[in-house]
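Breakdown of the fold
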Amino acid sequence: MDIKESFLITLGDMRKIIKDFHREMEKGLSGRKSSLGMIPAYAARPTGSEKGSFIALDLGGTNFRVIEVELKGGGKSRILGVKNFTLNKNIITGSGERLFLFLASRVNDFIKSEAQGSGRRRELGFTFSFPVNQTGIASGTLVKWTKGFRAKGVEGADVVKLLNEALAKKGLGNIKVAALVNDTVGTLAARSYSDRACDVGVIIGTGTNACCAERPRTSGADEMIINIEWGNFNKLRRNSYDKELDRRSENPSHQVLEKMVSGMYLGGLAGLVLGAGSFSSRHMSEIESDVSRGLSRVGAIAGRLGIRAATPMERRFIKEVCCLISTRASRISAAALAAVVTKIDPKLSRRHTVAIDGSVYEKHPHFAKRMKLALREIFGSKASGIRIVLTKDGSGKGAAIIAAAAASKIWRHHDYKSESDRHAGEVAGE
Ligand code: BGC
């Protein structure tokens, strides 16, 4: 099979993905074995009336951030402060305790430098963008690390407990995790705070995943957001490069869709085809942006990576390989999204906003456009009922929003008797 054919996703393939996706979703929802997690988020979409100021800790990859958000109600919010931090390899592959103490220290730095009213009770939204078996709005155990994380002692443990303990050890017993949120759920919540049509959240960045708001089937039942964990979907045809990439990965046979779609792996696939070790997804974006006649940029990047690109034909080939791999990624994403939307609305009888974020979707020069074109191939003119909206940095803000909705419930569960709290109580006249 030639390279082109091995990366091709036809309309027929997309239809098959949709069918298989539906089947896996059903299995996951009914508790049967499935490659899709279908994990309840123990939260519904916000109403837009949530108010107050909340802290969010957003951990999804080697960069993480702490933010403070003021929710004003009426769908309006304001970011009061943001601090970005980087986690080095030692921390993400060392002990879990060290990782969580590091996170708590950075919350401490943030509180000292940015957040107002330190010392008083604060609720924190914890965006933890890994597959978690959520057991409540503020509890859940890590199923398996993804995206190169390996910190020991975290898989199988309650990550909210780990963070609360680390916060307490750092003298921040006044801050409690009110909500544990996946980044897709945060992104959905951030957009739906002001857009009622938003019912799907998607991330296509270092990793990939989606969530959707399940409408209650029986009247009176509550809506629930479901974290699909679509990165693990495994009903996809893999070629020899996919298999090789999987063998060399930290989590062989897991995250099959993620390894064909997300930024952590796209460059690696191109590297395997072209025989270049350090190919990254950013190189791919740069190569596919080169529209110069002599493909000079392609030549320069290839030169740096040690790939032969002397002749125009060699340069065109390199660009073509990148294009095949990223086009496949965009078409698999479109099919998966089509499956999610038709799961919640089989006939596309209403409008849907899809809140999306992530470096691949945002920064790759053609990804978003190709994904939308593929949706058009699948749905024809009905595709116009699906509005895909870039929702930048929604994951943290959304966690704050969900924390706001959950906040009233958490303090009862904690034995909280610090000086600062009693003081805050007196001031508030409790
Ligand atoms: C994780 C998801 C996450 C996604 C996007 C995946 O590797 O399993 O939980 O939502 O990356 O960050």
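Scoring rules and cut-offs
- Residues numbered from 1 in each chain as written.
- Predicted model: local features only at pLDDT ≥ 70, side-chain atom pairs only at ≥ 80, totals over all residues.
- Heavy atoms only, no water.
- Helix = DSSP H or I, 4+ residues; strand = E, 2+ residues; numbered from the N terminus.
- Expected span 1.5 Å × (residues − 1).
- Buried < 20%, exposed > 50% of the residue type's maximum accessible area, 1.4 Å probe, protein only.
- Arc of directions from axis to C-beta.
- Pairing = 2+ DSSP bridges.
- Axes fitted to C-alpha atoms, helices over the stretch in contact; angles between N-to-C directions.
- Contact = heavy atoms within 4.5 Å.
- Near = heavy atom within 4 Å.
- Polar contact = N/O pair within 3.5 Å; in protein donor to acceptor, adjacent residues only side chain to side chain.
- Areas by Shrake-Rupley, 256 points an atom, 1.4 Å probe, with all protein chains shown as cover.
- Nonpolar A, V, L, I, M, F, W, Y, C, P; charged D, E, K, R; others polar.
- Domains from an automatic or database assignment.
- Buried area = accessible area lost by both parts, 1.4 Å probe.
- Salt bridge = Lys/Arg side-chain N within 4 Å of Asp/Glu carboxyl O.
- Core = buried A, V, L, I, M, F, W, Y, C linked by side-chain atoms within 4.5 Å.

This paragraph deals with helix 14 (residues 367-379). The end-to-end C-alpha distance of helix 14 is 18 Å, a good match for the 18 Å that 13 residues give at a rise of 1.5 Å each. Among all positions in helix 14, only Phe367, Ala368, Arg370, Met371, Ala374, Leu375, Ile378 and Phe379 are buried. Within helix 14, the buried residues cover an arc of 165 degrees as seen down the axis, which keeps them to one side. Positive backbone phi, at 60 degrees, marks Gly380, one or two positions downstream of helix 14.

So, on to the sheet that holds strand 2 (residues 51-59). The five strands are arranged 4-3-2-5-8 in an open sheet whose pairing can be described as mixed. The open sheet is flanked by strand 4 (76-86) and strand 8 (175-181), the only strands paired with a single partner. Strand after strand, the sheet turns through a mean of 25 degrees between neighbouring axes, direction not considered. Here strand 3 (residues 63-73) runs beside strand 4; their pairing, made up of 10 bridges, is antiparallel. Each residue of the ladder has a partner; that of Arg65, found in strand 4, is Asn84. Set on the sheet, helix 4 (residues 96-113) makes contact with strand 2, strand 3, strand 4, strand 5 (122-128) and strand 8; between it and strand 3 the angle comes to about 50 degrees.

All right, on to unusual backbone geometry then. Negative phi values dominate among residues other than glycine, just as trans dominates among peptide bonds. We note that Met38 has phi near 45 degrees; this positive angle belongs to a residue other than glycine. Locating Met38 in the fold gives a position in the loop between helix 2 (11-29) and strand 1 (39-40).

Looking now at the site of the ligand. The local shell around the ligand holds 14 residues, among which Lys147, Asn182, Asp183, Glu229 and Glu258 are the closest. One of the side-chain nitrogen or oxygen atoms of Thr146 is found 2.9 Å away from an oxygen atom of the ligand. At 2.6 Å, a side-chain N or O of Glu229 approaches an oxygen atom of the ligand. Contact with the protein chains covers 98% of the free accessible surface of the ligand, which is 310 Å². Broken down by class, the residue content of the shell around the ligand amounts to three nonpolar, seven polar and four charged. No fewer than three residues from each of domain 1 (3-39 + 196-390) and domain 2 (51-189 + 394-427) sit in the shell around the ligand.

Partitioning the protein chain into structural domains gives domain 1 (3-39 + 196-390) and domain 2 (51-189 + 394-427). Taking only C-alpha atoms, the centre of domain 1 and the centre of domain 2 are 29 Å apart. Opposite the 26 residues of domain 1 that make contact, domain 2 presents 17 residues. Carbon and sulfur atoms supply 68% of the area that domain 1 and domain 2 bury against each other, a total of about 1500 Å² over both sides. Area buried by domain 1 at its contact with domain 2 is led by Ile39, Ile203 and Glu250, which between them contribute 28% of it. The tally of links between domain 1 and domain 2 comes to one salt bridge. The partner of Glu250 in a salt bridge is Arg150, with the nearest N and O atoms 2.9 Å apart. Our count for the contact surface shared by domain 1 and domain 2 stands at two residue pairs in polar contact (both at pLDDT 80 or more).

Core analysis: the largest hydrophobic core is formed by 72 residues, its most contacted members being Phe21, Ile228, Trp230, Phe279 and Leu337. Here this core takes 16 residues from helix 12 (residues 312-344), the largest share from any one element. Apart from the residues within four sequence positions on either side, Ile228 is in contact with Phe21, Met25, Leu36, Gly37, Met38, Asn209, Ala210, Cys211, Cys212 and Val340. Of all hydrophobic cores here, the second largest spans 35 residues; its members include Leu59, Ile91, Phe128 and Leu172.

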